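Working through the structure, step by step
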Amino acid sequence: MYKIAFFGYSYSGKTTLFRKITGKTDDTYDPLKPNVGIGRFRDGVLERIAEISGAKKVVYPEFEFFDFKGVPAAIGFSDDYLKHLFETEIIVCIVKNFDGESEPEKEAGSLLMELIFYDTERIENLLSRADSAYKGLSQQQVKVLEAGLKLLTEEKLLNSLDEQDKKLLKGIEILTIKPVFVYVNGTTKKPFTLPLPHINQEIETLDEELFYNSIIQALSLITFYTIKGDIAQGWLVPESFTAKQAAGKVHQDIEKGFIRAATLHFKDYIEIKDWHKAKTSGLLKFLGSNSNIANRDIVEFYFH
C-alpha cells in the first residue's frame, strides 16, 4: 500500500482534506506523530468494468495517508518532525487559497525550502563524514551527493536526478528525492504559477478521482484491472514493471509460474462488453514476461 504524507503549515486545511479522503475523524495529540488513515480510490473505470462483467464485489486500490501536524510558518519544522516523512512514498504539500490574503506560491515555496534545507544539511554532514576514505559511502554515491548538493543550492529538488542516480541514493535518508505534489486548497486567487505538479480545488467539493489520478501520476504508477469470478479489482504498480512483476502484485505464485498475460484496454472492453468475444475476435494482446502492461488494461494471467 502506497503511503502519502500530508505536509503543511497550520490552518492550511490539511487535516480537513485528510478527513475528507479517509473518513477518519479522531486525532492524535502527539506533535511528532502523524494521524494515519486509509483512503480508497473509487475508480469510475473499475466500477464500469464491474457493472459490465456482473461482478458482485469491487475491490478498490487503497492508499495509506499520514496527516502530519501543522506548525506556524514563522516557526518552521524541526528535524525530528521532518524525519518522519521518510516513512512515506510521496509528499503532498497543502497550501491555502481560500481568502484574498492567500499566497499559494509563497506558501508552497516556503514548504519546499523546509525540505531543501533539511536535505542540504543532511548531505553536507554525509559528505563531511565521507572525507575519511568515503566512510560508509561508495565513490559513486559521493559523486551523486555532490551533484545533488549543487541542485539544492539552486533550490531544485533531488527528484530531478536521473533514475540511475536516484537508485544509488536509495536507503540514504533524504526527502526531496521523493515525488512532491502540491494541493492548493481553494480557488480564490487566479492566476498563479507553481513549479511543481499540483491541483487547485475546494476541499468541500473535492473531485476524489482527479485527486487520486494526480497522485498516481506523480508516483509514476499505472492501474490495471482483473476480473476473477465475481470480483473486479484494481491494482497499482510502477509503470516500469514487467507483466511478470505485475503478476506478483496479484499473487507471488502467479509471478513464479508466469507463462503469459492477455490484455484488453478498458475502452475496448466497454465497447465490446464481453471478454470471450474479444478473445475470439483476436482483440486480446498477449504479453511475455518482459513486456509491459499498459495503463488501464484489463489483464488475465496464465501461469503454472
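Procedures and definitions
- Residues numbered from 1 in each chain as written.
- Predicted model: local features only at pLDDT ≥ 70, side-chain atom pairs only at ≥ 80, totals over all residues.
- Heavy atoms only, no water.
- Pairing = 2+ DSSP bridges.
- Helix = DSSP H or I, 4+ residues; strand = E, 2+ residues; numbered from the N terminus.
- Axes fitted to C-alpha atoms, helices over the stretch in contact; angles between N-to-C directions.
- Parallel < 35°, antiparallel > 145°, perpendicular 65-115°, else oblique.
- Contact = heavy atoms within 4.5 Å.
- Nonpolar A, V, L, I, M, F, W, Y, C, P; charged D, E, K, R; others polar.
- pLDDT = per-residue confidence, 0-100.
- Buried < 20%, exposed > 50% of the residue type's maximum accessible area, 1.4 Å probe, protein only.
- Core = buried A, V, L, I, M, F, W, Y, C linked by side-chain atoms within 4.5 Å.
- Polar contact = N/O pair within 3.5 Å; in protein donor to acceptor, adjacent residues only side chain to side chain.
- Phe/Tyr/Trp six-rings, centres within 6.5 Å; stacked < 30°, edge-to-face > 60°.

**Re the pairing of strand S12 (residues 297-303)**
- Note that strand S8 (residues 221-228) and S12 share two bridges and pair parallel. The partner of phenylalanine 224 across the bridge, within S12, is aspartate 297.
- Examined bridge by bridge, strand S10 (residues 258-265) and S12 share seven bridges and lie antiparallel to one another. If you follow alanine 262 over to S12, its bridge partner there is glutamate 300.

**Some remarks on the sheet that holds strand S6 (residues 180-185)**
- Reading across the sheet, the six strands line up as S2-S4-S1-S5-S6-S7 and stay open at both edges, with mixed pairing between neighbours. The open sheet has two edge strands, strand S2 (35-40) and strand S7 (198-201), and neither has a second partner. If you compare each strand with its neighbour and ignore which way they point, the axes differ by 25° on average.
- Across four bridges, strand S1 (residues 2-7) lies against strand S5 (residues 90-96) in parallel orientation.

**Brief notes about the packing of helix H1 (residues 14-22) against helix H7 (residues 208-218)**
- It is the contact of H1 with H7, at a shortest axis distance of 12 Å, that shows an interaxial angle of 100°. One element, H1, and the other, H7, form an angle in the roughly perpendicular class. Judged by residue contacts, Leu17, Lys20 and Ile21 of H1 engage Glu208, Phe211 and Tyr212 from H7.
- For the contact of H1 with H7, the class distribution of residues is four nonpolar, no polar and two charged.

**So, the sheet that holds strand S9 (residues 231-238)**
- Spatial ordering of the open sheet is given by S3-S9-S8-S12-S10-S11, a layout of six strands whose pairing is mixed. Of all the strands in the sheet, just strand S3 (57-59) and strand S11 (285-287) have a single pairing partner and so form its edges. Ignoring which end each strand starts from, the neighbouring axes of this sheet average 30° apart.
- Along the sheet face, helix H2 (residues 44-53) touches S3, S8, S9 and S12 and points at about 15° away from the line of S8.

**Here we look at the confidence of the model for the protein chain**
- Of the residues in the protein chain, 97% reach a pLDDT of 70 or more, and the chain-wide mean stands at 92.
- Within the protein chain, helix H3 (residues 79-82) has the poorest average pLDDT of any element, 88, and S3 the best, 98.

**Remarks on helix H8 (residues 243-250)**
- Buried within H8 we find Ala243, Ala246, Ala247 and Gly248.
- Each element contacted by the buried residues of H8 is listed here: S8, S9, helix H9 (252-256), S10, S11 and S12.

**What to know about the nonpolar core**
- Within the largest apolar cluster, 45 residues are counted, with the highest numbers of intra-cluster contacts made by Phe7, Leu82 and Leu85.
- Those elements giving two or more residues to this core turn out to be S1, H3, S5, helix H4 (104-130), helix H5 (139-153) and S6.
- When neighbours within four sequence positions are excluded, leucine 82 is seen to be in contact with Phe7, Phe77, Glu114, Leu115, Tyr118 and Leu175.
- By size, the runner-up hydrophobic cluster in this structure holds 25 residues, among which are Phe6, Phe211, Ile215 and Ala218.

**Describing the side chain of aspartate 43**
- Checked against the element boundaries, aspartate 43 lands in the loop between S2 and H2.
- Among the residues examined, aspartate 43 registers a relative accessible area of 0% and is labelled buried.
- Of note is the side chain of aspartate 43, whose polar atom sits 2.9 Å from the side chain of arginine 296.
- Every residue in contact with aspartate 43, bar those within four places of it in the chain, is listed here: Tyr60, Glu209, Thr223, Tyr225 and Arg296.

**Comments concerning the pairing of S9**
- Of all eight residues in S9, six are buried; the element is thus mostly enclosed.
- The pairing of S8 with S9 spans eight bridges and is classified as antiparallel. Within the sheet, the bridge partner assigned to leucine 221 lies in S9 and is proline 238.
- Taking the residues that link successive antiparallel strands as the turn, the S8-S9 hairpin has two residues, and the phi of glycine 229 there is positive, at about 60°.

**Let's talk about the environment of threonine 120**
- The residue threonine 120 is located in helix H4 in this model.
- The buried category is assigned to threonine 120, whose relative accessible area is 15%.
- Taking the C-alpha atoms as reference points, threonine 120 and valine 180, 60 residues apart in sequence, are found 17 Å from one another.
- Setting aside chain neighbours within four positions, we find threonine 120 in contact with Leu149 and Leu152.

**Looking at the packing of aromatic side chains**
- Evaluation of the coordinates by the stated rule reveals 19 aromatic pairs.
- Aromatic rings pair up to connect Phe6, Phe41, Phe63, Phe65, Tyr183, Phe211 and Tyr212 into one cluster.

**Remarks on the side chain of glutamate 107**
- Here glutamate 107 shows up in helix H4.
- For glutamate 107, the contacting residues outside a window of four places in its chain are Tyr9, Ser12, Ile94, Val95 and Lys96.

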